[in-house]
Amino acid sequence: MDGKLYRRKFIAATAGTIFSTACATMNGGRPRGRLFFTSDGKTWLVNVDGSGLRALEFDVPNQATWQPGAFFPDGRRILLLSMEPRRDGPGRPFEEYYTQTPTHLWTFDLVSGDLVEIAKRDRLAVFYTPQLLLRDGRILVQVVRGKIGQVYNMNLDGSDARPFTKEGEGLPYGFSASPDGRRIAFADTNEVDRRFLPSVKIAFIDLPRVERLRFYLKLNRGGTVHTDEEIDRVRALITAEG
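All values derive from a computational prediction rather than experimental measurement.

### Observations concerning the pairing of strand β10 (residues 138–145)
Most of β10 sits inside the fold, with seven of its eight residues counted as buried. For strand β9 (residues 127–133) and β10, the ladder comprises six bridges, and the chain directions are antiparallel. Bridging across to β10, L133 finds its partner in I139. One ladder, built from eight bridges, connects β10 with strand β11 (residues 148–155); its direction is antiparallel. Its bridge partner being in β11, I139 is matched across the sheet by M154. Where β10 folds back on β11, the antiparallel hairpin that results is connected by two residues, among which G146 adopts a positive phi of roughly 55°.

Put into structure tokens, the structure is as follows:
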């Protein structure tokens, strides 16, 4: 797949990843179930019983829409994505102009109300969308440049950006981490005969090669089919690495 941006593929790659989330937030030191959702370009907060509906209002100029993302482990901070007025429109095709729209990433503290912009250092492009919070203060971010998408693993401030997917590899979505944070599963769509077919991939973060090889064997036992030749080769590599 060439990784170029098309409206259908882009919507499929982002729907359901960052635009709604449920959590337990703090209310006077006690957990309280709340739900975030996006409507009319605003982020709304409501109690699980339907009471307390309110829109989160932020005094930040030139931000047209706000969308909620993942919660931090502390349970009180949430990741937010804001977008300036869209650059696409009449005479400006979506696939060419949409990702020329500057976006911004923020952390919002539900208790103190503090709003802090993140991912500003060493900015790679104007269009960022958050994909997954990682351990040790890092984040996976989808970066789109020249209609080509690529996911980077970077510090929360935007520094030390490392490629997580290859340029032009597509627009992956549905990122999920293993409990230890060292294996990342995600979905991707490939266009075959004008149909978009999903696939699931697994990537590793700071996982020794021998552990990756062992995981390969576990996948085979779990139903992923590999040839006997492949299995024997992997076993030999594990033995060689001790």
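### Observations concerning the environment of R183
Considering the arrangement of structural elements, one finds R183 in strand β14 (residues 183–192). Residues R183 and I205, 22 residues apart in the sequence, show an inter-C-alpha distance of 6.2 Å.

### Side note on the pairing of strand β6 (residues 77–83)
With respect to burial, β6 is a largely interior element, six of its seven residues being buried. In terms of strand pairing, strand β5 (residues 65–71) meets β6 through five bridges, oriented antiparallel. Paired with P68 across the two strands is L80, which belongs to β6. Following β5, the chain reverses through five residues before pairing antiparallel with β6; G75 in that reversal takes a positive phi of roughly 75°. As paired elements, β6 and strand β7 (residues 103–109) share seven bridges and run antiparallel to each other. Looking across to β7, one finds that M83 is bridged to T103.

### Some points on the nonpolar core
By size, the foremost hydrophobic cluster in this structure holds 14 residues, and its most contacted members are L105, Y128, I139, V141 and M154. Of all elements in the fold, only β6, β9, β10 and β11 reach the threshold of two or more residues within this core. Here the element with the most residues in this core is β10; it accounts for three residues. In contact with M154, not counting residues within four places along its chain, are A119, Y128, G137, R138, I139, V141, S159, D160 and A161.

### Quick look at the sheet that holds β10
Whether parallel or antiparallel, the strands of a sheet pair through hydrogen bonds between backbone atoms. Spatial ordering of the open sheet is given by β9-β10-β11-β12, a layout of four strands whose pairing is antiparallel. Both outer strands of the open sheet, β9 and β12 (162–163), are each paired with one neighbouring strand and no more.

### Some thoughts on the packing of aromatic side chains
For any two aromatic rings, the description comes down to two numbers: the centre-to-centre distance and the angle of the planes. In total, this model carries 10 aromatic pairs according to the counting rule given. Seen in terms of ring centroids, F37 and W44 are 6.4 Å apart; in terms of plane orientation they differ by 10°. Their pairing is stacked. With relative accessibility at 24%, the residue W44 sits in the partly exposed group. Here a set of aromatic residues connected by ring pairs shows up, and it is made of F58, W66, W106 and F108. The ring of F72 carries R77 above its face, with NZ or CZ at 4.1 Å from the centroid. Between the NZ or CZ atom of R123 and the centre of the ring of Y128, over which it lies, the distance is 3.9 Å.

Rules used in this analysis
- Residues numbered from 1 in each chain as written.
- Predicted model: local features only at pLDDT ≥ 70, side-chain atom pairs only at ≥ 80, totals over all residues.
- Heavy atoms only, no water.
- Buried < 20%, exposed > 50% of the residue type's maximum accessible area, 1.4 Å probe, protein only.
- Helix = DSSP H or I, 4+ residues; strand = E, 2+ residues; numbered from the N terminus.
- Pairing = 2+ DSSP bridges.
- Core = buried A, V, L, I, M, F, W, Y, C linked by side-chain atoms within 4.5 Å.
- Contact = heavy atoms within 4.5 Å.
- Phe/Tyr/Trp six-rings, centres within 6.5 Å; stacked < 30°, edge-to-face > 60°.
- Lys NZ or Arg CZ within 6 Å of the ring centre and 35° of its normal.

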